[in-house]
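The residues making up each chain are set out below.
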Number of protein chains: 2
Amino acid sequence: MAQSLGISVPQEAPDATRPGKAESILAAAERTFLERGFGAVSMDTIAREAVASKATVYAHFASKEELFGAVVARVSERRFGAFSVDALDPREVAASLLTIAQRFLDLVLSPEAIALNRVIIAEVPRFPVLGDVFWEAGPARSRAQIETFLRRAVAAGTLAIPDTRLAADQFVALARGELHLRQLLRPQGALKPEIVSEAARNAVSMFMRAFGIRS
Amino acid sequence: MAQSLGISVPQEAPDATRPGKAESILAAAERTFLERGFGAVSMDTIAREAVASKATVYAHFASKEELFGAVVARVSERRFGAFSVDALDPREVAASLLTIAQRFLDLVLSPEAIALNRVIIAEVPRFPVLGDVFWEAGPARSRAQIETFLRRAVAAGTLAIPDTRLAADQFVALARGELHLRQLLRPQGALKPEIVSEAARNAVSMFMRAFGIRS
DNA sequence: GTCTATAATTGGATAGAC
DNA sequence: GTCTATCCAATTATAGAC
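Note that the structure is predicted; figures quoted are calculated from it, not measured.

A. Fine view of the relation of the copies chain B and chain A. Relative to chain A, chain B is turned by 180 degrees and slid 0.0 Å along the rotation axis, the superposed coordinates differing by an RMSD of 0.1 Å. What the rotation and shift describe, once combined, is the action of a two-fold rotation axis. In this assembly, 100% of the residues forming the interface of chain B have copies in chain A that are likewise at the interface, indicating an isologous arrangement.

This is the structure in structure tokens:
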């Protein structure tokens, strides 16, 4: 579906041993779009940053919108594709949840993820497919990963959860807390690690109070 | 502080019995900015929508940025200024929390609030003061209101909460759940009331499980 | 204060040479 | 594929009349 709408990372040239223009155009577009947003970046700027002519940019991407879509798809995949909780032990449930929360927050609060969120939220009314691409790569994926872990913990007898899907959403919501929205609305650059760790601990603490097995 | 940066709602004319141009310009700017975003709206469009000339628009607002700031300040105050939980009974804690969650969600998930969030998130890197204006009128205010209620409930002996400020943040986070971010990333117009009610119930249910007094 | 008309700039996209 | 040069439309902002 995404491809039919022009949202795809274009093919490398057959001899893709070194970057090449297409790659440097994408890299320049990624930098500038994430930093300044779709509307504030011109194709002139991207061409200059990529050390290419505007005509070359248009030879690779039919329009500014298509280039933007390619950037969103690329960053979404690269940034969120690796989130996994497979290696964690459901018997050490509190420690594992803390690791999950910490990893999740490091991911979604990273300056790159915040910038990506920002440009998508800004442009999704005009380009709805961007929201779908990101949602599947990001929130839907991490929710699924976390739900899988919760199921394993229930099976291991370390958590008592009636609805694991709902609980996964709640865990994510607690972890985000106010920090995520705050970074979107009042960006402070990178947050202090202590702040993030405390948010992770608070989320796990409340989650365990609600769903932990009392012994 | 906001005023020193040009973010303020301009004075009405002394005889402010009927709208006047300034008001119709603000109204037109509000409609178009919230609908299409800062970058996609031109001063021509605003002037046309306000049935005024562009020169008149500039007679009231020195720049497009200033007009945008005035719109954000105005909508933030108007939309979030009325959120209050004073009338709720802390002895009927579950019912009161459900009312709070429902009101809160009706507010933050309303199409206007989502649109406001969207334009602020998009432009806050260029106009940081917008985030401050909104944060104080919106999230900070509702958090304070909710924390006040939680304190009253603790005093009434219906909730056991070690840190009411943290708990207020957690309550808000649980209420938002995935719905708020989802509306920002994959707007679906207005949500079905049943979906919102269920989110409110789920938030209260988990909150009570963590902080309710067991009897 | 309000208007018409226009200045000055910028931005998306393309033609044609190599 | 890549470049230079350019077209054309849109945009912010202002000058000058009333």
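B. Spatial organisation of the side chain of Q145(B). As for its position among the elements, Q145(B) is in helix α8 (residues 139–156). On the basis of relative accessibility, which here comes to 19%, the residue Q145(B) falls in the buried class.

C. Here's a closer look at the interface of chain B and chain A. Contact residues are listed per partner, giving 38 residues for chain B and 38 residues for chain A. Taken as a group, W135(B), L185(B) and M206(B) account for 21% of the area that chain B buries against chain A, more than any other trio of residues on that side. Along the contact surface separating chain B from chain A lie six salt bridges. Residue R186(A) is joined to E136(B) by a salt bridge in which the shortest nitrogen-to-oxygen separation is 3.8 Å. Taken together, chain B and chain A are joined by six residue pairs in polar contact (both at pLDDT 80 or more). Taken together, the residues of the side of chain B that touches chain A sort by class into 20 nonpolar, six polar and twelve charged.

D. View of the protein's contact with DNA strand D. Among the 16 residues in the neighbourhood of DNA strand D, the closest are listed as A55(A), T56(A), H60(A), K54(B) and Y58(B). Of everything in DNA strand D that lies within 4 Å of the protein, sugar and phosphate atoms constitute 55%. One of the side-chain nitrogen or oxygen atoms of H60(A) is found 2.7 Å away from a phosphate oxygen of DNA strand D. One of the side-chain nitrogen or oxygen atoms of K54(B) is found 2.6 Å away from a base nitrogen of DNA strand D. Contributing elements (two or more residues each) for the surface near DNA strand D: α3 (54–60) of chain A together with α2 (43–49) and α3 (54–60) of chain B. Of the residues forming the surface near DNA strand D, the biggest block, four residues, is contributed by α3(A). Of the residues in the surface near DNA strand D, the class split is seven nonpolar, five polar and four charged.

Analysis parameters
- Along every chain, residues carry numbers that run from 1 in the direction the sequence is written.
- Whichever chain is written first becomes A and whichever ligand is written first becomes 1, with later ones labelled in order.
- Side-chain atom pairs in this predicted model are given and counted only at pLDDT of 80 or more, local residue features only at pLDDT of at least 70, and totals for whole chains, interfaces and linings cover all residues.
- To get the side-chain values, all heavy atoms of the structure are used, and hydrogens and water are removed first.
- Copies are brought into register by a least-squares superposition over C-alpha atoms of residues with pLDDT of at least 70 in both.
- By definition, residues are in contact when any of their heavy atoms lie within 4.5 Å.
- By definition, any uninterrupted DSSP run of H or I lasting at least four residues is a helix, any uninterrupted run of E lasting at least two residues is a strand, and each is numbered from the N terminus.
- To sort residues, take the accessible area from a 1.4 Å probe on protein chains only and compare it with the maximum for the residue type: under 20% means buried, over 50% means exposed, and anything in between is partly exposed.
- Computed with a 1.4 Å rolling probe, the buried area is the accessible surface lost when two parts are put together, summed over both parts.
- Should a side-chain nitrogen of Lys or Arg be within 4 Å of a carboxyl oxygen of Asp or Glu, the pair is scored as a salt bridge.
- For the purposes of these results, a polar contact is taken to be a pair of N or O atoms within 3.5 Å, where, inside protein, one atom must be able to donate a hydrogen and its partner to accept one; residues adjacent in sequence count only when each atom of the pair is a side-chain atom.
- Here the term charged refers only to Asp, Glu, Lys and Arg, the term nonpolar to Ala, Val, Leu, Ile, Met, Phe, Trp, Tyr, Cys and Pro, and the term polar to all other amino acids, Gly among them.
- Each residue is tested against the molecule or strand, and it is near if at least one of its non-hydrogen atoms lies within 4 Å.

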